[in-house]
Amino acid sequence: MQELKDHFTKLIETPDRLHLWRKKAWDRLEEQTVSLDAPLPPIALCPGGDHVPEENTFVFVDGFFQGAKLPSPIVCMKMDAALLVYGAFLQNRWNRSLAEEKDPFALMNGALQGRGAFLYVPPNARLEAPLRMIHRFTAKTMAFPRLQIFLGKGSSLKIIEKTEGDIFSLLCNTHIDVSLDSGSSLTFLNESRASPQARYFSSLRASLKRDSCLQSLVLSDGALFSRHSVRVQLLEENSEALLRGLWRLSGERQSHTNVLVEHIAPHCRSRQHFKGVLGDRSRSSFEGKIFVRPEAQKTEAYQINNNLSLSDEAVIITKPNLEIFADDVKASHGATVSQLNAEDLFYLRSRGISEARAKEMLVEGFCAEILKHRFES
């Protein structure tokens, strides 16, 4: 923790408009127990170079928002500048988030964030072409990208998050906070890559108002340690969250997923579907929870985690959970861990397909149910 404090002290040596919020997040972080079990690389105090965004793209360099080239009427600006224009909204949102946040890595991002971005879609603006959120790194440092998204009433947006280039941060901690107003829709695809030597953390926080919809898909090949944290609050009637993920791990890579969906209002729907394919000595864990409050009657909530083990040395941990305090609810949860079916494998081999290709075909079939929801830029 002392090493993190030294990084934090360096970052706030030059106060800016985010100084107060970094300090509040740090105070909350000190209440948590954090252990990274390894020496930390230096923190990026500024971006290591310029990167001109392409059409429909906004770019982070070394965790710092660099710029955007987005169609009208979308607004995308530096977080400190957004505080001057959207200060009341941001301050209310951050106060509530800090009070509720229990994940130490999400708090770490708040304390050590560099220059975040604010993305605003005005009411009734519906964009068909996806936007690309690009991460580029110029050095093997710690990076803390942060994105605040607000969709106005009746608006619609798709975002693809990717990593570009051959250099990876040794510790990347990304935080995305989403506010969906009534009738809005966000579809989010995370295809970020990490080095086998890196530690990668991502947190997604979302609150949904009446008739809004969030769809999220995370595709991961893991890292030295990779952790995805998702928390969704269904605040008003008829809101909906569809959360999906797929991890394909080899070597000694790890991927860990933690999901919490809170049903706060009646007549809301959520579905969680996550799959993992593990080979060699890789490790994964999934812990998901559906929490239904007493007033959230007529809830529909489903959760499933399917895993395919390709190695006797792979480690798979899965813990689906339900916590329901309403009596008029449709809900289910479950988990499976299986191996390749010997009969299916024999059938493909008998048709002249090599063993390696037959195994890959069966894995592809296992993954297809998730990958069909992937979209291209």
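Everything below is about the structure printed above this text.
An account of the accompanying structure is given in this report. (Residues numbered from 1 in each chain as written. Predicted model: local features only at pLDDT ≥ 70, side-chain atom pairs only at ≥ 80, totals over all residues. Heavy atoms only, no water.)

1. A word on the packing of aromatic side chains
Piece 1. The full count for this structure, using the stated rule, is 13 aromatic pairs.
Piece 2. Ring centres of Phe105 and Phe201 lie 4.2 Å apart, and the angle between their planes is 10°; on these two criteria the pair is classed as stacked. Pair noted here: Phe105 is in helix H5 (residues 104-112) and Phe201 is in strand E11 (residues 199-208), with a separation of 96 residues, a long-range link.
Piece 3. On the basis of relative accessible area, Phe105 is assigned to the buried category, the value being 13%.
Piece 4. For Phe201, a relative accessible area of 4% corresponds to the buried category.
Piece 5. Taken together, a centroid distance of 5.7 Å and an interplanar angle of 5° make the contact between Tyr120 and Phe150 stacked. Here Phe150 lies in strand E7 (residues 146-151) and Tyr120 lies in strand E4 (residues 117-121), a separation of 30 residues in the sequence. Grouping residues by exposure puts Tyr120 and Phe150 together as buried.
Piece 6. By way of ring pairs, the aromatic residues Tyr86, Phe89, Phe118, Tyr120 and Phe150 are connected into one cluster. (Phe/Tyr/Trp six-rings, centres within 6.5 Å; stacked < 30°, edge-to-face > 60°. Helix = DSSP H or I, 4+ residues; strand = E, 2+ residues; numbered from the N terminus. Buried < 20%, exposed > 50% of the residue type's maximum accessible area, 1.4 Å probe, protein only.)

2. Topic: the sheet that holds strand E8 (residues 156-163)
Piece 1. The mixed open sheet is built from 10 strands, whose spatial order is E2-E1-E5-E8-E10-E12-E14-E16-E18-E20. Bordering the open sheet on either side are strand E2 (64-69) and strand E20 (329-338), each of which pairs with just one other strand. Shown here is a sheet whose adjacent strand axes are inclined to one another by a mean of 10°, direction ignored.
Piece 2. Relative to strand E14 (residues 240-249), strand E12 (residues 213-220) runs parallel, the two sharing 8 bridges. Pairing of Leu214 across the sheet is with Ala241, part of E14.
Piece 3. Against the sheet, helix H7 (residues 355-371) engages E12, E14, strand E16 (269-278) and strand E18 (299-309), with an angle of about 160° to E16. (Pairing = 2+ DSSP bridges. Axes fitted to C-alpha atoms, helices over the stretch in contact; angles between N-to-C directions. Contact = heavy atoms within 4.5 Å.)

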